[in-house]
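Tertiary structure, described
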Amino acid sequence: MGPPEGGHYVRMTCTLALVRHSEIFDAVVEEALTNGTLVRFRAEGISMYPTIRDGEAITVAAVSTDEVVRGDVLLCRHGKRVLAHRVVGVTRCGTERFFELQGDAKTSCDAPVAANAVVGRVVGVRRNGRMIPLCGRAARLRHRARTAASRAASFIASGFRGR
């Protein structure tokens, strides 16, 4: 996956652990996305495992919140932090959209996020030297299949524990 037509990447080479609470980091990312540039940086944490693993490089693109659908992974402001979590629900309150987000490895949802807190959409993750797309129909189907397989495995395992 290359940069957008006529665009380019901004590669954030600093360690996210050092700047994760930095207003400067947030400002640089938002400015780059506003200018149509893809931003790539290392993710930290396990809340999106196995989709995004600790230390993997994620690529974020600007997104119109009207284009966001269930299954997308959004980069959003949560107080002073910026988190990448999956959209599990979209609601409207008047004219404003709100997104219900949840990390793939989490059992509960985050507090709803207003459209103005959305920084961008995570479009891919670099794993073992290749880019894995995280947006689009195929990516959403892969996630659903993985989730269904995981639930089936848990159900089968729970049946054997009861004996």
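Here we summarise the structure given alongside this text. Just so it is clear, the structure is predicted and the values come from calculations on it, not from any experiment.

Here we take up the overall build of the protein. The secondary structure content of the protein amounts to three helices and nine strands. From first element to last, N terminus to C terminus, the protein shows the α and β order β-α-α-β-β-β-β-β-β-β-β-α. By the burial criterion, 39% of the 163 residues in the protein qualify as buried. At a minimum sequence separation of 6, the contacts of the protein that also span at least 24 residues come to 53%.

Quick look at the pattern of salt bridges now. According to the stated counting rule, one finds five salt bridges in the structure shown. The partner of Arg 86 in a salt bridge is Asp 104, and the shortest N-O contact between them spans 2.8 Å. Here Arg 86 is found in strand 5 (residues 81-93), whereas its partner Asp 104 is found in the loop between strand 6 (96-102) and strand 7 (113-114), with 18 residues between them in sequence. Take Arg 86: its relative accessible area is 4%, and that puts it in the buried class. Taking the relative accessible area as the measure of exposure, Asp 104 reaches 21% and is therefore partly exposed. Via salt bridges that share partners, Glu 67, Asp 72 and Arg 121 belong to a single interconnected network.

Once that is clear, we can look at the pairing of strand 9 (residues 130-133). Here strand 8 (residues 118-127) runs beside strand 9; their pairing, made up of four bridges, is antiparallel. Paired with Val 125 across the two strands is Ile 132, which belongs to strand 9. Counting the residues between successive antiparallel strands, the hairpin from strand 8 to strand 9 contains two residues, one of them, Asn 128, with a positive phi of roughly 50 degrees.

This model, assessed by the stated rule, comprises one cavity of 30 Å³ or more. In this structure, the largest cavity is lined by Phe 25, Asp 26, Val 29, Glu 30, Leu 75, Val 82 and Val 119. Broken down by element, the residue count for the lining of the largest cavity peaks at four residues, all from helix 2 (residues 23-34). Residue classes in the lining of the largest cavity are distributed as five nonpolar, no polar and two charged.

So, about the side chain of Gln 102. Relative to the helices and strands, Gln 102 is located in strand 6. Accessibility expressed as a relative area gives 17% for Gln 102, which makes it buried. Looking at Gln 102, its side chain comes within polar contact range of the main-chain oxygen of Lys 106, at 2.8 Å. Contacts of Gln 102, omitting those with residues within four sequence positions, involve Met 48, His 85, Arg 86, Val 88, Thr 107, Ser 108, Cys 109 and Asp 110.

Okay, unusual backbone geometry next. With the exception of glycine, most residues fall at negative phi, and the peptide bonds are largely trans. A cis amide bond links Tyr 49 to the next residue, Pro 50, at an omega of 5 degrees. Within the secondary structure layout, Pro 50 lies in the loop between strand 2 (38-42) and strand 3 (57-61). Phi at Asn 128 takes a positive value of approximately 50 degrees, unusual for a residue other than glycine. Along the chain, Asn 128 falls in the loop between strand 8 and strand 9.

Definitions and cut-offs
- Residues numbered from 1 in each chain as written.
- Predicted model: local features only at pLDDT ≥ 70, side-chain atom pairs only at ≥ 80, totals over all residues.
- Heavy atoms only, no water.
- Helix = DSSP H or I, 4+ residues; strand = E, 2+ residues; numbered from the N terminus.
- Buried < 20%, exposed > 50% of the residue type's maximum accessible area, 1.4 Å probe, protein only.
- Contact = heavy atoms within 4.5 Å.
- Salt bridge = Lys/Arg side-chain N within 4 Å of Asp/Glu carboxyl O.
- Pairing = 2+ DSSP bridges.
- 1 Å grid on protein atoms, 1.4 Å probe; cavity = no way out; pocket = protein on both sides within 12 Å on 5 of 7 lines; lining within 4 Å.
- Points joined across faces, edges and corners; volume = space filled by probe spheres on them.
- Nonpolar A, V, L, I, M, F, W, Y, C, P; charged D, E, K, R; others polar.
- Polar contact = N/O pair within 3.5 Å; in protein donor to acceptor, adjacent residues only side chain to side chain.

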